[in-house]
Amino acid sequence: MKALVISGGGSKGAFAGGVAQYLIEQECKNYDMFLGTSTGSLLVPHLAVNDIGKLYDIYTNVNQKTIFNVNPFFIRRKDNREFVSINFFNSLLQFIKRRRTFGESKALLRHIKKSFTKEEFEKIKLTKEDVVVTVANLSKNRTEYKSINEFDYDEFCEWIWISCNYIPFMSLATKNGFEYGDGGLGCVIPIREAIRRGATEIDAVILESEGLDYHKVLGKNPFSLIINLFGHLIDQIEKGDIAIGKLAAKHRDVKLNLYYTPTRLTENSLVFNKKLMEKWWLEGFQYAENKNNRGQTMNELKVDN
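The structure contained in this document is the topic of the report that follows. The shown structure was predicted, so the numbers you read here are calculated from the model rather than taken from an experiment.

Cut-off values and rules
Within each chain, residues carry numbers counting from 1 in the order of the written sequence. Local features in a predicted model are, by the rule used here, given only for residues with pLDDT of at least 70; side-chain atom pairs are given and counted only at 80 or more, and totals for whole chains, interfaces and linings are based on all residues. For side-chain calculations, the full set of non-hydrogen atoms in the structure is used, while hydrogens and water are omitted. Strand pairing is assigned whenever DSSP detects at least two bridges linking the two strands. Numbering of helices and strands starts at the N terminus; helices are DSSP runs of H or I of at least 4 residues and strands are runs of E of at least 2. Relative accessible area decides the class of each residue, using a 1.4 Å probe on protein chains only: under 20% of the type maximum gives buried, over 50% gives exposed, and in between gives partly exposed. Throughout this description, the term nonpolar core refers to a set of buried Ala, Val, Leu, Ile, Met, Phe, Trp, Tyr and Cys residues connected via side-chain atoms within 4.5 Å. Whether two residues touch is decided by their heavy atoms; if any such pair falls within 4.5 Å, the residues are in contact. Salt-bridge detection follows one rule: a side-chain nitrogen of Lys or Arg within 4 Å of a carboxyl oxygen of Asp or Glu. A residue counts toward a patch only above 30% relative accessible area and without a salt bridge, and it is joined to like-charged neighbours within 9 Å or, for Val, Leu, Ile, Met, Phe, Trp and Tyr, to nonpolar neighbours within 5 Å. Surface accessibility follows the Shrake-Rupley procedure with a 1.4 Å probe radius. Residue values consider only the protein chains on display as shielding.

Looking along a regular strand, one sees side chains alternate from face to face of the sheet. Bridge count for strand S5 (residues 130–137) against strand S8 (residues 178–182) is three bridges, and the pairing is antiparallel. Its bridge partner lying in S8, Asn-137 is registered against Tyr-180. Where strand S7 (residues 173–175) lies against S8, three bridges are found, and the strand directions are antiparallel. Counted as the bridge partner of Thr-174 is Glu-179 from S8.

Among the five residues of strand S1 (residues 2–6), four are classified as buried, and the element is accordingly described as predominantly covered. Note: S1 against strand S9 (residues 201–209), five bridges, orientation parallel. Within S9, the residue paired with Leu-4 across the bridge is Asp-203. Bridging between S1 and strand S2 (residues 33–37) involves four bridges; their strand directions are parallel. Considered in S2, the bridge of Ile-6 is made with Gly-36.

In this section: the nonpolar core. Counting residues in hydrophobic clusters, the biggest one holds 86 residues, and the most contacted among them are Leu-4, Leu-47, Phe-116, Phe-156 and Ile-202. With sequence-adjacent residues up to four places away left out, Leu-4 is seen in contact with Ala-20, Leu-23, Tyr-31, Met-33, Phe-34, Leu-35, Leu-47, Asp-203 and Val-205.

Moving on, we get to the pattern of salt bridges. For the structure on display, the rule yields 16 salt bridges. Put simply, Lys-54 and Glu-120 hold a salt bridge, and the shortest N to O gap is 2.7 Å. Note that Lys-54 is positioned in helix H3 (residues 52–60) and Glu-120 in helix H7 (residues 118–127), a separation of 66 residues in sequence. Relative accessible area serves as the criterion here: at 23%, Lys-54 is assigned to the partly exposed category. Given a relative accessible area of 11%, Glu-120 falls into the buried group. Between Glu-144 and Lys-146 there is a salt bridge, with the nearest N and O atoms lying 2.8 Å from each other.

A word on a nonpolar patch on the surface. On the surface, Leu-92, Phe-95 and Ile-96 cluster together to form a nonpolar patch covering roughly 370 Å² of accessible area. Checked against the element boundaries, Ile-96 lands in helix H5 (residues 88–96). Ile-96 sits in the exposed class, given a relative accessible area of 58%.

This part is about the environment of Gly-17. Mapped onto the secondary structure, Gly-17 falls in helix H1 (residues 13–26). Once the C-alpha coordinates of Gly-17 and Gln-236 are considered, the two residues, 219 residues apart in sequence, prove to be 24 Å apart. Ignoring any residue separated from it by four or fewer positions in sequence, one finds Gly-17 in contact with Leu-43 and Trp-281.

Honestly, that's just the spatial picture; any functional story needs more than this.
Structure representation (structure tokens):
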């Protein structure tokens, strides 16, 4: 059983879209299962439907208004770099209302229901083995995996939304008496879960560069510094997920193909820039093409020898 797994990564999900497009359209990969965390959870339902063109249009046009009904930050440009700074008015308003997050992302839930239809939901349940999204149950301090087969349309859309809620900048969701947040707070790339559910071949898209050394500029205000610190912690979780996934794949004799970003795409994945995301999508497609062509060349050399 083949599975496609996509990690969290905010706007960098555009790169994963390009990789998935190549694998599905050019390599003719017919996946049985799709698993995603955070931005990956936004991608996997559309990939399961196999409407790449629609997904491209939806994803590359996402912006701050698509996500936030209360936006906690401003985007500022300096020397061709984008920085985030706190929106003091909105954050103060949240404080006055006794909210526990800097912003609210209910607009994203509306966008999910608008772009992912009930008909597509039913089609997936009829044609695919499973679509799974990762969430963090903060009340129980554990990671949970929500399958499309266990919920109706409205509930599954809510789980997709919850998987993307990057606390404390987005909504803290309460469901079934428990409080939930971004799945990346517990598992950034659910490779092991795909294996546990029966996958025998996995293509995993990891929205981070592999072993690339770079100098990260930390935020110059407390708000942007918090974003940097959360990014650091999630990077460490991701490394653990990959190590555990590799061990599980080796133990279960699962074929595991990892697709990293060849460069560091952005310092802040909460910034959604249409031109950059279109560029990353193309880069993802080209990267997957080059990686698979290199693999074929190596196989041919082995045969000749």
